[in-house]
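Here's the letter readout for the chains.
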Amino acid sequence: MPYEPTDYRPYDFANRRHIGPSPAEMDEMFATLGVDGIGALIDETLPDDIRQETPLETGKAMSERQLLWWMRQIAKENQVLTSLIGMGYHGTITPPAIQRNILENPAWYTAYTPYQPEISQGRLEALLNFQTMVSDLTGLEIANASLLDEATACAEAMTMAGRVAKSKSKAFFVDENCHPQNIAVVKTRAKPLGIEVIVGDPDEMDAGSVFGALFQYPGTYGHVRDFTDHMARLHAADAVGIVSADPMALCLLKEPGAMGADIAVGTTQRFGVPMGYGGPHAAYMACREAYKRALPGRLVGVSIDARGNRAYRLALQTREQHIRREKATSNVCTAQALLAVMAGFYAVFHGPEGLKAIAQRIHRKTARLARGLEEAGFVIEPEEFFDTITVEVGLFQKGVLAAGVREGVNMRPVGSTKIGISVDETLRPAKIEAVWRAFGIDRRDDPAAQDYRLPEALLRQSAYLQHDIFHMNRAETEMVRYMRRLADRDLALDRAMIPLGSCTMKLNSAAEMMPLSWPEFANLHPYCPDDQAKGYRALIDGLSGKLCDVTGYDAISMQPNSGAQGEYAGLLTIAAYHEANGEGHRNVCLIPTNAHGTNPASAQMVGWKVVPVKCDAKGSIDLEDFRAKAEKHAADLAGIMITYPSTHGVFEETVKEVCEITHAHGGQVYIDGANLNAMVGLSRPGDLGGDVSHLNLHKTFCIPHGGGGPGMGPIGVKAHLAPHLPSHPLAGEGPGPVSAAPYGSPSLLPISWAYCQMMGGEGLTQATRVAILNANYIAKRLEGAYKVLYRGPKGRVAHECILDVRPFQESAGVTVDDIAKRLVDCGFHAPTMSWPVSGTLMVEPTESETKAELDRFCDAMLGIREEIRAIEDGTADGENNPLKHAPHTVEDLVGDWDRPYSREQGCFPAGAFRVDKYWPPVNRVDNVYGDRNLVCTCPPMEDYAEAAE
């Protein structure tokens, strides 16, 4: 018998690893849909005139092994020196247990934002630990669950102060000792809002002429000062006081709350999160109790479930942008949940004694280094400090900096005659000696020297991290088990499909994720010399080129570090373009009701007026309403924000006409990239008439969601807008920066670059086709049981579909919430609820799900429909049924049972696994109780014991 070779390609990443359905499974799906193949389906789905003319070419696809070899070559181009640059970025030691069990664990990094609290109790507890840590260290009552970076947190604090201050001033004071990137981002945020930013000496601040003030603590050059008197002056003038504080310094120094601060912000990067050439890191914001409803970002609170047991949830969600639109507290959507979890675990891992010891060691090393410089004749300032000093070197600045580089150390140039040095926990005695050698000093370090130069009047008097969670046994066995217990409470992508519409929860492959932890990518300072980051430069340029090919745009800015930040940056770019053309008065933004939820909030942030545009019965933009409003506002039209395909899951056939009308009336077109996963390789927003789009790399290009961040939202623009893209944070000119670091969160970019490299142009295009196939397969299988609210002219949906469950409220008293919670019993995260249409479910399966998982989901949904039917025909009780009691826990299974349906039916519905079933740790959470009894820090330890029992 002759040998028959196989044509199977085991290293074909696109078709064997990333895309879920096999060729044989696709054939079965085509039969269900009644089409001859994938090409026929795409022809029925996309309008002909939006299709791109040439195939997407991004280079030959690589195997995982080839990819990792290439990544190593790129990584070698980055030089990792000891960074003493400071400016809010520090070397840190990530405990290996945290790196292995949190950062590199798909149970943590593939989870979604915890909007469904019953399946998110683990990360909600971890984020509550973070909030408690921040609240304790800052001395303020309420802390949020993270913001994007320190600079944007400063900007958020400024606008929050404007909302809560009684002062009628439109001016805001900024301490000249703030980190320069913080000042720059605040100025960018202030300009379109008409806020005057006054930068100066805090002692010369006129408190009566501002609505708020921002101070850096310690200052960027090392000064440590007490702002108690400044806060008193601000309060006397009905203004708000803000401190941007280093949490490590707060382990030894007087906390902002004790000074009378109203708001504290900062970054927790040095709590175990690598610098990553700028990010991602978890910023924080804390405030007084009175201002809690004005606080931007996520807020984890404590509530109870249906049995009265303690349960966590996101509190006060009516503040958020997708609900309040242009009246929201902020456009913040993605935060930095995964990094906040890491920082919180760093505090749990070390406890208050460990944090104090680390801070103390950092200070002692700084004091020893300063003493050596002083005894060699150098003048340093300030005399008292925490971890940062500034050294006067006169004309020798460049020579000393160069000598430092030769010794393997980066220091900060300050002006033209000084050098800044910031010490961190990683600095070893040999590197202290290397710094001295760079200054021409031959001296041995004595690690045993007990030298302290902290200001006695500012030593911290209050205790912190007193909750028992920060005093648990710190043996690694105990730590790892605690992390595992929390992870087991949650449902992430490593357990099941997460079919969230407009969220694109696709595969985050192991090969894409691996370089994230490599020191060559993790340990670079964002402001290190350019020649030390050649690998990053090559990677950023390469990815930018690929994204331009995908989108049809001419230039990319990588600075926005979230999707919402990308929206904001795109609108700022348009505004700068209008201003440069002498049309800065253009401030009207048309936004269809089917656009993405953050759009109105983003438009408000750049000072624009939002004019809603109606949609027709098919879910598409009402062209006549749009035309009329474009003509009415022609003199002031800044632009339009559209989402394509729309959030209704349809490729609108009039998109080019909408763009043409906008341009004819002097406006620019912003196409939201939230749904780009339905376009890659098939259609390009830049070819449709788009002038700018943001791209959610944490959706379409495989950066994981991390339980609510990190994300990346770079923007692509046409050539005429390129000069107006966000500028370098230290440039001091141009449109201004939107993020603290020049490239946002660049340590995430290897993930998207790797995805593009392993997929190749054909693989990326096939992924789009299969995403559309999977959505249409679900829509077809659920046909008859659920109405698909919107379809294209030929009956097809794009990459997602909206299921209308509103009729069941009337026919059976079953709400969208009931269905969502019942899906938990089936082992699924619910689809997007009540958005963009109230009372509906928006389903997006992505290309990464296999047919078996799609069928399991459809079986679950069909089983739920039968349970609804039983209520409709009277065979099931309207109130006492599996839907109303969902989700069911182990406590339900083993406890007393007085329900008219069986334990079997309640706990093992269609779609649920028997052996590997996911059990939610709590019953349905009471949202109203949680908001009425707001608790946003860790509850007493007795509650944990009760929960464990």
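Residues numbered from 1 in each chain as written. Predicted model: local features only at pLDDT ≥ 70, side-chain atom pairs only at ≥ 80, totals over all residues. Heavy atoms only, no water.

Re the UniProt feature "domain: Glycine cleavage system P-protein N-terminal" (unreviewed entry) in the protein chain
Quick note on the threshold: UniProt positions are given in the numbering used here, feature names are shortened, and annotations may be inferred rather than shown by experiment. We count a stretch as a helix when DSSP gives it H or I for four or more residues in a row; a strand needs E for two or more, and each element gets its number in order from the N terminus.
On the UniProt side, "domain: Glycine cleavage system P-protein N-terminal" (unreviewed entry) is annotated at positions that read residues 16-439 and 470-726 here. Within residues 470-726, the helical portion is 34% and the strand portion 12%, while the C-alpha atoms at the span's ends are 41 Å from each other.

Quick look at the sheet that holds strand S26 (residues 840-843)
Threshold: Here a strand pair is declared whenever DSSP counts at least two bridges between the two strands.
On the basis of which strands lie adjacent, the open sheet formed by four strands has the order S23-S24-S26-S25 and antiparallel pairing. The two strands at the open ends of the sheet, each matched to only one other strand, are strand S23 (787-788) and strand S25 (832-833). Across four bridges, strand S24 (residues 801-804) lies against S26 in antiparallel orientation. The partner of Cys801 across the bridge, within S26, is Val843.

Observations regarding the pattern of salt bridges
Where charged atoms from two side chains of opposite charge approach closely, those side chains can pair. What counts, and what does not: For salt bridges, the criterion is a side-chain nitrogen of Lys or Arg within 4 Å of an Asp or Glu carboxyl oxygen. Categorising residues by exposure relies on relative accessible area from a 1.4 Å probe, with only protein chains included: less than 20% of the type maximum marks a residue as buried, more than 50% marks it as exposed, and the intermediate range marks it as partly exposed.
In the structure shown here, the tally under the stated rule is 51 salt bridges. Among the ionic pairs, Asp262 bridges to Arg288, the shortest N-O distance being 3.7 Å. Residue Asp262 is located in the loop between helix H11 (256-259) and strand S7 (263-267), and its partner Arg288 is located in the loop between strand S8 (283-287) and strand S9 (300-304); the two are separated by 26 residues in the primary sequence. The exposure class assigned to Asp262 is buried, which follows from its relative accessible area of 4%. Glu374 serves as the salt-bridge partner of Arg453, at 2.8 Å between the closest nitrogen and oxygen. Highlighted residues: Arg453 in the loop between helix H15 (429-438) and helix H16 (476-488) and Glu374 in helix H13 (residues 337-375), separated in sequence by 79 residues. Exposure remark for Arg453: the relative accessible area of 11% places this residue in the buried category.

A closer look at the domain arrangement of the protein chain
How big an interface is tends to be expressed through the accessible area that disappears when the partners come together. Short version of the rule: Each domain's extent was defined by an automatic or database domain assignment. Two parts placed together each lose some accessible area under a 1.4 Å probe, and the buried area is that loss summed for both. Polar contacts here mean pairs of N or O atoms no more than 3.5 Å apart (in protein, one a potential hydrogen donor and the other a potential acceptor; neighbouring residues in sequence count only if both atoms are side-chain atoms).
Segmentation of the protein chain into domains returns domain 1 (106-348), domain 2 (351-458), domain 3 (519-758) and domain 4 (759-932). On a C-alpha basis, the centroid separation for the pair domain 3 and domain 4 is 32 Å. When the two sides are added together, the surface that domain 3 and domain 4 hide from each other amounts to roughly 1900 Å², 61% of it contributed by carbon and sulfur. On the domain 3 side of the interface with domain 4, the three residues burying the most area are His648, Asn677 and Tyr755, jointly 28% of the side's total. Taken together, the links from domain 3 to domain 4 amount to zero salt bridges. Our count for the domain 3 to domain 4 interface comes out at seven residue pairs in polar contact (both at pLDDT 80 or more).

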